[in-house]
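Observations on chain architecture
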Amino acid sequence: MKMSEYESRLAALDEVIRSYRRIMIAFSGGVDSSVLLDRCVSVLGVENVIAATGVSQTYTPEERADAEDLVARLGVTHVVIETDELADPCFASNPKDRCFHCKTELYAKIIKAATDNSCNVIFDATNADDLSDYRPGLKAAREAGVKSPLADSGITKADIREMAAKTLPHIADKPASPCLASRIPYGTHITAQDLLKIAAAERFLRAHGFPTVRVRHHGNLARIEVPADQIAKLCSDEVRETVANRLREIGYSWVSIDIEGFKSGSMNRVI
């Protein structure tokens, strides 16, 4: 029976995985890296796969908890790597290649961890769709010799959601949660206080029925992005007032709603 295109891509992914003896995966706890981790375990066995998670002020406690939960479920060895991007002026000044500097530090530390754990390759969870977006972190990955088996096998975000639905259903619909610094306009200095404000604001909104949300930080102004079909709910008198009051308590003087709705990577429009 002829394989479908989806099945062919999965077969290509498995072939890439099998070509390595022992793998370390740059693991954030998001759907993409979770699916990759699960697939590597199924192909090579849990004893030949290690998850490495970078933690810093740009990474929320909720995401760390999700990462720790999944590695515990799979029985995978978990290496937690602390980074300090805000100490690097090349990151904290928030240039357009901010992610390159963050990933350069992270991958240098993951390379050491991989060597210490006798891994002969490092994987990241870049997928084929990511290649069409502005992602300077990919340059850091290439320079560090990190491989992207999902992208190299043509695995798309839709493929990843389908894979998760079959093997990791509890996270199949989990919204993406990129680095908190991505909420701050390029050229605006990144501070720990601002990251805490963004995290607190988004945590509040998620708890009040908006699982997919970005709070774009413009100084004293918070610009909220939710999916277009949820804007009316956010604008309802009771919700709007509750959200505005809480975000003012967090430290924002003004609170706005983006009428275009949620757009992943919307800060990249200036590039």
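Residues numbered from 1 in each chain as written. Predicted model: local features only at pLDDT ≥ 70, side-chain atom pairs only at ≥ 80, totals over all residues. Heavy atoms only, no water.

The next subject is the overall build of the protein. Assigned secondary structure in the protein consists of eleven helices and seven strands. Computed over its C-alpha atoms, the radius of gyration of the protein comes to 19 Å, within 12% of the 18 Å expected for a compact globule of 271 residues. In the form shown here, the protein has an accessible surface area of approximately 12900 Å², with 53% of it arising from carbon and sulfur atoms. Charge centroids of the protein, computed over 34 positive and 38 negative side chains, lie 1 Å from each other. (Helix = DSSP H or I, 4+ residues; strand = E, 2+ residues; numbered from the N terminus. Rg over C-alpha atoms; globule rule 2.2 N^0.38 Å. Areas by Shrake-Rupley, 256 points an atom, 1.4 Å probe, with all protein chains shown as cover. Lys, Arg positive; Asp, Glu negative; His and termini not counted. Charge placed at Lys NZ, Arg CZ, Asp CG, Glu CD.)

For A113, the position within the fold is in helix α5 (residues 98–116). Ignoring anything within four residues of it in the chain, the contact list for A113 reads M24, V79 and I81. (Contact = heavy atoms within 4.5 Å.)

A full pass over the atoms with the stated rule returns 20 salt bridges. Among the ionic pairs, E5 bridges to R9, the shortest N-O distance being 3.9 Å. In this pair, E5 and R9 are both assigned in helix α1 (residues 5–18), four residues apart and thus about one turn of the helix distant. Judged by relative accessible area, E5 falls into the exposed class, the value being 65%. (Salt bridge = Lys/Arg side-chain N within 4 Å of Asp/Glu carboxyl O. Buried < 20%, exposed > 50% of the residue type's maximum accessible area, 1.4 Å probe, protein only.)

Turning next to the side chain of H217. Mapped onto the fold, H217 is located in strand β5 (residues 214–218). In this structure H217 comes out as buried when scored by relative accessible area, which is 2%. With residues near it in sequence (within four places) discarded, H217 still touches R183, I184, P185, D194, K197, I198 and Y252.

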